[in-house]
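The primary structure of each chain is shown beneath.
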Amino acid sequence: MTTVRRANRDDIFPLFEAMSLQFSFDLPEDEEKREDWKNRIIETGGIDRGMVAEDGDLIVGTLGSFDLDMTVPNGSIPCAGTTWVSVSPTHRRRGVLRQLMSAHLAEAVEHGDVIAALWASDSAIYGRFGYGRAIDAVSIELDRRGARFRNSMPSPDRIEMITPEEAASALPPLYEHIRREVPGAFARTEPWWRHRRLRDTPDRRDGNSALRTAVSVADDGRATGYAQFRVESKFDGAHSADIVHVVELLGSSPASWSALWSIVLGLDLATKVKARFRPLDDPLFEYLTGIRRVDRTLTDTVWVRVLDVERALTSRAYSEPGALTLAIADDMGIANGTYRLGWDGHRIDCSGSSGPADLEIDVSDLGVALMGRPRFSASVLAGTIDGSMDAAALADRMFAHHRAPFCPEVF
Ligand SMILES: CC(C)(COP(=O)(O)OP(=O)(O)OC[C@H]1O[C@@H](n2cnc3c(N)ncnc32)[C@H](O)[C@@H]1OP(=O)(O)O)[C@@H](O)C(=O)NCCC(=O)NCCS
């Protein structure tokens, strides 16, 4: 029989060993490197609120949970960042994931998290646990030499290339300022920056250059955004054919976006620029004249699961005044109930209701709407939620947000 319990720090090696088969990585062998790696895991979090599934003494299922503070439209809420989900091939399809998920979500509720969120390895897995497809993103690959900017491109900020030491002090406050405007982005702790974002040892480079960092700077000397990228050195016959890999690129104003994309697309010896998981409203898509020349792959990225309906719905702003009664179904029994949501332009109210519902939705639909890209009308059209098209259209207008949700990094 398989049982689930809370993970602890002594589980770090066996837990990651159990995971390594599913996620195809190897743990460090050298004693010093193992210690260093273990400390990084402890400092960046995930283990203390994690779960392990055991068959006897053997770990056969794993799950980690990061303490995140995630942006929603005009707010920020505590979020359990679900991660490290794996079940050994020897124990698949016997309900081990369901056991892990039940324990994880119960722990997150007790901890006071308003939502849980994750990057799914496969989009078919998490809907059944109440997670909704909240954030889509576009991975791009473009031929730099064919790329033309529109004449209306805003005049760019100045660009400064900075050292890794300068990046370590400049990027965290800049990121924190920017992420508060972007639903789906989350706060980064100092160890998170050090270990996950700025650490640039050769094993992190995949054979490419060290991390380059460009900062955009406004006329008054303020840093306005940054781009981190690596260059893959390549040749096509006698010609350089480098590939620029964008690691992170975040602007805060038209002038910063235009400066950052200009520098990334302006490296003469490169033929290609690749960037994974860009936001749907990335200004790059507005700047280019020949958008069809960009290979774009649309994919789901972060899935969001509401745990506390009242706190979730009162933590964000709405785009239009209105009142809605939502009947929420939740197979896991965490967020089900009927709620009346009202926004009169000044005050948000959300409380349990016994009235008839305008829309009957699944908790996963609420996770989607919460982050600002609701699909109520599309779902009524498809018949996957019940209610009138008028109510769905009102809900879409209320929940819509002017910024596309975007999570800049895989966790
Ligand atoms: C995905 C994974 C964790 C599932 O574990 P599992 O213990 O076999 O899952 P369970 O038996 O608890 O299944 C729970 C439900 O999910 C479904 N399910 C599980 N894996 C699925 C998959 N890959 N695709 C579609 N459905 C899946 C099951 O059919 C079951 O549905 P039901 O409750 O409606 O009957 C496991 O296959 C795995 O480790 N895969 C490789 C690593 C991975 O992809 N991890 C996810 C990272 S985000």
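Note on numbering: residues in each chain are counted from 1, in written sequence order. For this predicted model, a pLDDT threshold of at least 70 governs which residues receive local features, and a threshold of 80 or more governs which side-chain atom pairs are given and counted, while totals over whole chains, interfaces and linings are taken from all residues. In computing side-chain values, all of the structure's heavy atoms are included and hydrogens and water are not.

### Quick notes on a positive patch on the surface
Thinking step 1. Taken together, the side chains of Arg92, Arg93, Arg98 and Arg128 make up a positively charged region of the molecular surface.
Thinking step 2. Burial classes follow relative accessibility: with a 1.4 Å probe on protein chains only, a residue under 20% of its type's maximum area counts as buried, one over 50% as exposed, and anything between as partly exposed. Take arginine 93: its relative accessible area is 79%, and that puts it in the exposed class. Residues with no salt bridge and a relative accessible area higher than 30% make up the patches, which join like charges within 9 Å and nonpolar side chains (Val, Leu, Ile, Met, Phe, Trp, Tyr) within 5 Å. Each accessible area is a Shrake-Rupley estimate made with a 1.4 Å probe; only the visible protein chains count as cover when residues are assessed. The salt bridge criterion pairs a side-chain nitrogen of Lys or Arg with a carboxyl oxygen of Asp or Glu, the two atoms within 4 Å. We score Asp and Glu as negative and Lys and Arg as positive, and we do not count His or the chain ends. To locate a charge, take atom NZ for lysine, CZ for arginine, CG for aspartate or CD for glutamate.

### Overview of the pattern of salt bridges
Thinking step 1. What the rule picks out here adds up to 32 salt bridges.
Thinking step 2. For glutamate 107, the salt bridge goes to arginine 49, with nearest N and O atoms at 2.9 Å. With glutamate 107 in helix H3 (residues 96-111) and arginine 49 in strand S2 (residues 46-55), the pair connects residues that are 58 residues apart, well separated along the chain.
Thinking step 3. Since its relative accessible area comes to 6%, arginine 49 is described here as buried.
Thinking step 4. Residues arginine 145 and aspartate 143 are paired through a salt bridge, measuring 3.7 Å at the closest nitrogen-oxygen approach.
Thinking step 5. Owing to a relative accessible area of 54%, arginine 145 belongs among the exposed residues under this scheme.
Thinking step 6. Taken together, the shared-partner salt bridges in this structure form one network comprising Arg6, Arg49, Asp67, Glu107 and Asp113. Put simply, DSSP marks the helices as runs of H or I at least four residues long and the strands as runs of E at least two long, and each gets a number from the N terminus on.

### As for the site of the ligand
Thinking step 1. Proximity is defined per residue: any heavy atom of the residue falling within 4 Å of a molecule or strand makes that residue near it. Around the ligand there are 18 residues in total, and Val85, Val87, Arg93, Gly95 and Ser121 lie nearest to it.
Thinking step 2. The backbone of arginine 93 places a nitrogen or oxygen atom 2.7 Å from an oxygen atom of the ligand.
Thinking step 3. Any pair of N or O atoms that falls within 3.5 Å is considered a polar contact. Within protein, one atom must be able to donate a hydrogen and the other to accept it, and sequence-neighbouring residues count only if both atoms are side-chain atoms. Between the ligand and arginine 98 there is a distance of 2.9 Å, counted from an oxygen atom to a backbone nitrogen or oxygen.
Thinking step 4. Across the complex, the protein chains shield 74% of the 900 Å² of accessible surface that the ligand would expose by itself.
Thinking step 5. Counting only elements with at least two residues in the shell around the ligand, the list comes to helix H1 (12-23), strand S4 (75-87) and H3.
Thinking step 6. Its residues assigned to classes, the shell around the ligand comprises nine nonpolar, four polar and five charged. Residue polarity follows a fixed list, in which Ala, Val, Leu, Ile, Met, Phe, Trp, Tyr, Cys and Pro are nonpolar, Asp, Glu, Lys and Arg are charged, and the others, Gly among them, are polar.

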